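Observations on the three-dimensional arrangement
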Amino acid sequence: MSLVRVTAEQAELGERARAFVDDVLIPREEAAERAGGRLPEEDVREIMKAAVAARLNGGRHAPEHGGQGWSTVDYVMVHEQLGRNTNGLWWWVPDAYNVLAAGTPDQIERYLRPALRGDAWVSYAVTEEHAGSDPSGITTTAVPDGDGWLLNGEKWFVTSGDVAAAHIVVAVVEGHGPTLFIVDADTEGLEFVDEPLFTHTFPHGHPTVRLTDVRVPGDAVLGGLGQADALQQNWFVEERLGIAVHCVAAMGRLLEEAVAWAGGREQGGARLIDHQGVAFPLADSAADAAAARLLVHEVAALADSGADRKIVHAKASIAKLFASEAAYRCADRAVQTFGGRGYIRTNVAERFLRELRVDRIWEGTSEIQRLIIARSLERRGVRQVIA
Ligand SMILES: Cc1cc2nc3c(=O)[nH]c(=O)nc-3n(C[C@H](O)[C@H](O)[C@H](O)COP(=O)(O)OP(=O)(O)OC[C@H]3O[C@@H](n4cnc5c(N)ncnc54)[C@H](O)[C@@H]3O)c2cc1C
């Protein structure tokens with residue numbers, strides 16, 4: 001019994017996603033771990049095929065663009081299942097950043113449709129060496145060059161940049177401000193200058209991409225000159241809610257596995273779960289998971305109800321902050337429950353402990369979420385933000 005109310009269709013959608021995760025993703029976790037995150041091509045093809053067959057690709061995108069047309073609650077129903085697997089295997093479900101929906105018919109045909117079919121990846125490059133939490137420091141520029149643009153700059157941590165057919169690049173246009181450009185990956189002047197190894201083992205890399213006099217045509221602008229901030233504003237709500245719901249999912253999986261283990265293993269003449277020192281952290285994790293889930297569903301329902309965007313934005317920050325911090329606590333407790341086994345990479349808690357760390361960093365660090373929440377407490381009022 002849950003206070004979270006969903007329709008029969010949404011419940012079916014959630015069950016469909018759960019079956020996909022249980023049957024297709026979870027069995028491949030260990031292989032992905034052993035391969036440093038990179039599964040063989042054959043496995044990748046099977047995952048994508050199964051995702052498309054289960055109608056999980058392109059979730060929030062419009063059906064006329066090749067997506068499923070999900071509401072925010074639909075999206076949450078699916079991702080509270082997708083986040084149950086480790087190694088970021090859900091990333092193989094074909095999808096695309098929502099800003100692409102603002103593209104021209106030609107951009108939608110060339111970039112969005114192939115991405116939703118699983119035929120191409122499109123990365124999103126905002127962060128720079130000196131512009132992370134504070135994007136006002138972005139120094140990548142785009143200057144007019146005949147009927148096109150000339151881009152110069154360097155982007156860091158470009159997720160899927162190593163496999164992307166195109167990158168959405170944020171560059172500053174004089175007189176207009178930050179603007180999105182779609183840059184084909186094979187354009188002259190675009191190069192990878194670093195491919196760092198990261199704490200998690202993820203399907204794709206997060207390389208550093210340098211643009212030196214990269215010439216793009218006039219129709220490479222996405223969503224209009226100076227529109228980057230406005231377009232990203234919507235993106236932030238979706239991405240932050242996405243991270244929050246993945247953390248909820250991870251907490252559920254961690255609890256399932258830790259409770260099963262603690263109920264089965266005996267030490268000191270009793271089952272682990274009968275030792276209060278083991279049981280109480282599990283109870284704390286259950287409280288964290290349940291609270292985070294309610295928050296996530298509330299934000300999703302609010303977003304669908306057409307509530308004030310600024311309030312939804314603040315609440316998405318609360319959900320991301322709470323769920324990501326809580327999930328990391330839960331992973332640490334689960335490792336402790338498994339003892340030495342929790343330190344072996346074949347153990348789900350070990351993998352989640354590494355993988356959940358980034359959820360407190362990307363799409364706005366926990367500190368940045370606190371700044372957003374604190375500002376909205378003043379501007380929107382305490383009751384609006386917490387009610
Ligand atoms: C695995 C991974 C994938 C990523 N993928 C992408 C991607 O696809 N595209 C992309 O554009 N970016 C991506 N990023 C970048 C990510 O969004 C940034 O790392 C993040 O926004 C933080 O920026 P930063 O690393 O420069 O840290 P900084 O901004 O330098 O922050 C460092 C520390 O200072 C704190 N801090 C900063 N400012 C304040 C403040 N005003 N008040 C209090 N504390 C503050 C931060 O919270 C943090 O703890 C990715 C990062 C990682 C690790």
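What you see is a predicted model, and the numbers here were worked out from it, not measured in a lab.

Residues in close proximity to the ligand total 16 residues, the closest being T127, S133, F157, T365 and E367. A distance of 2.7 Å separates a nitrogen atom of the ligand from a polar atom in the side chain of T127. Between the ligand and the protein, one listed contact pairs an oxygen atom with a side-chain N or O atom of T365 at 2.6 Å. Burial of the ligand by the surrounding chains reaches 65%, relative to a free accessible area of 970 Å².

Backbone geometry places R55, a non-glycine residue, at a positive phi of 55°. A positive phi angle, close to 65°, is found at N87, a residue other than glycine. Along the chain, the position of N87 falls in the loop between α4 (72-82) and α5 (105-117). Residue class for N87 comes out buried when judged on its relative accessible area of 0%.

Right, let's get into the domain arrangement of the protein. Parsing the protein into structural domains produces domain 1 (8-95), domain 2 (122-222) and domain 3 (235-386). For domain 1 and domain 3, the distance between their C-alpha centroids amounts to 20 Å. Between domain 1 and domain 3, the residue contacts involve 23 residues of the former and 24 residues of the latter. One can count seven salt bridges joining domain 1 with domain 3. A salt bridge links R345 to E33; its shortest N-O distance comes to 3.1 Å. In this assembly, domain 1 and domain 3 are joined by 14 residue pairs in polar contact (both at pLDDT 80 or more). Of all the secondary structure elements, the ones that give two or more residues to the side of domain 1 that touches domain 3 are α2 (29-34) and α4. Partitioned by chemical class, the residues of the side of domain 1 that touches domain 3 number seven nonpolar, eight polar and eight charged.

Criteria and cut-off values
- Residues numbered from 1 in each chain as written.
- Predicted model: local features only at pLDDT ≥ 70, side-chain atom pairs only at ≥ 80, totals over all residues.
- Heavy atoms only, no water.
- Near = heavy atom within 4 Å.
- Polar contact = N/O pair within 3.5 Å; in protein donor to acceptor, adjacent residues only side chain to side chain.
- Areas by Shrake-Rupley, 256 points an atom, 1.4 Å probe, with all protein chains shown as cover.
- Helix = DSSP H or I, 4+ residues; strand = E, 2+ residues; numbered from the N terminus.
- Buried < 20%, exposed > 50% of the residue type's maximum accessible area, 1.4 Å probe, protein only.
- Domains from an automatic or database assignment.
- Contact = heavy atoms within 4.5 Å.
- Salt bridge = Lys/Arg side-chain N within 4 Å of Asp/Glu carboxyl O.
- Nonpolar A, V, L, I, M, F, W, Y, C, P; charged D, E, K, R; others polar.

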